Amino acid sequence: TQRVQAGEIMAYMKANNYEVQDAGEVITFRGIVQRSTSQAFFLVFCTALGMASLALVLQIQFQDLVLPVIGKPNWFYLTLLSPYAGLYYWKSGDRVDDIKVKLVTNDEETENEIVVEGNDEEIERMWRTLKWTEKGMVKVEGIF
């Protein structure tokens, strides 16, 4: 029934630290997605790898370059800028996430339709957790 599904959605959202922001025909849940240390370190690593690649290209391209004050530049010092990518992420890492849910039932109250609008990752996780299927789709069990 619609009441049971609404309860499941509410329990799921509460378990994932979402609060009801607005309740009407469309229910809006708001939650804060916290920054992640592992994502910050991964971002620093990827930036360092990118800067090292850029430095290699610059080293090959400008082999004979001599600058007036510093002489022959060591382009690999660019990799020392990579921690700033992690710092930038860390300062702006927390973000507010809104999810809107609308429950619609047919006239005979035999079938419920749930319209969810929000972050793709969160919607995908919600589908898996609550064992929903997309309208018009049939779930096929995997081999493994």
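Refer to the preceding data block for the structure.
Not measured: the values here are computed from a predicted model.

**Q** Would you mind going over the packing of aromatic side chains with me for this structure?
**A** Aromatic ring pairs are defined here through the distance separating the ring centres and the angle between the ring planes. For the structure on display, the rule yields 1 aromatic pair. The interplanar angle of 40° and the centroid separation of 6.2 Å between the aromatic rings of Phe62 and Trp75 together place this pair among those described as tilted. Here Phe62, found in the loop between helix 2 (37-61) and helix 3 (83-91), pairs with Trp75, found in the loop between helix 2 and helix 3; they are 13 residues apart in sequence, far enough to count as distant.

**Q** Looking at this structure, I do not really get the nonpolar core. What am I missing?
**A** As a rule of thumb, soluble globular proteins bury nonpolar side chains together. Core analysis: the biggest nonpolar cluster contains 12 residues, these being Ile9, Tyr12, Met13, Tyr18, Phe29, Ile99, Val101, Val116, Ile123, Met126, Leu130 and Trp132. For this core, the secondary structure elements donating two or more residues are helix 1 (2-15), strand 3 (95-105) and helix 4 (120-130). In contact with Val116, not counting residues within four places along its chain, are Ile99, Lys100, Ile123, Met126 and Trp132.

**Q** Would you explain the sheet that holds strand 1 (residues 18-22) in this entry?
**A** Strand pairing in a sheet relies on backbone hydrogen bonds, with the paired strands running either antiparallel or parallel. The strand order across the open sheet formed by 4 strands is 1-2-3-4, and the pairing between neighbours is antiparallel. One side of each edge strand has no neighbouring strand; the edge strands of this open sheet are strand 1 and strand 4 (112-117). Ignoring which end each strand starts from, the neighbouring axes of this sheet average 30° apart. Two strands pair when backbone bridges link them, and strand 3 and strand 4 are joined in this way by 6 bridges, in the antiparallel orientation. Looking at strand 4, one finds that Lys102 is bridged to Val115. Relative to the sheet, helix 1 contacts strand 1, strand 2 (26-33), strand 3 and strand 4, its axis offset from that of strand 3 by approximately 170°.

**Q** How should I be thinking about the side chain of Thr28 in this particular structure?
**A** Along the polypeptide, Thr28 turns up in strand 2. For Thr28, the residues in contact, after removing those within four places along its chain, are Glu19, Val20, Gln21, Asp22, Ile99 and Lys100.

**Q** Before we go on, may I ask you to explain the pattern of salt bridges in this structure?
**A** Side-chain pairing between opposite charges can occur once the charged atoms of the two side chains come close. Under the criterion given, the structure shown has 5 salt bridges. Its salt-bridge partner being Asp98, residue Arg30 comes within 2.7 Å of it at the nearest N-O pair. Residue Arg30 is located in strand 2, and its partner Asp98 is located in strand 3; the two are separated by 68 residues in the primary sequence. A salt bridge links Glu124 to Arg128; its shortest N-O distance comes to 3.7 Å.

Basis of the calculations
Residues numbered from 1 in each chain as written. Predicted model: local features only at pLDDT ≥ 70, side-chain atom pairs only at ≥ 80, totals over all residues. Heavy atoms only, no water. Phe/Tyr/Trp six-rings, centres within 6.5 Å; stacked < 30°, edge-to-face > 60°. Helix = DSSP H or I, 4+ residues; strand = E, 2+ residues; numbered from the N terminus. Core = buried A, V, L, I, M, F, W, Y, C linked by side-chain atoms within 4.5 Å. Buried < 20%, exposed > 50% of the residue type's maximum accessible area, 1.4 Å probe, protein only. Contact = heavy atoms within 4.5 Å. Pairing = 2+ DSSP bridges. Axes fitted to C-alpha atoms, helices over the stretch in contact; angles between N-to-C directions. Salt bridge = Lys/Arg side-chain N within 4 Å of Asp/Glu carboxyl O.

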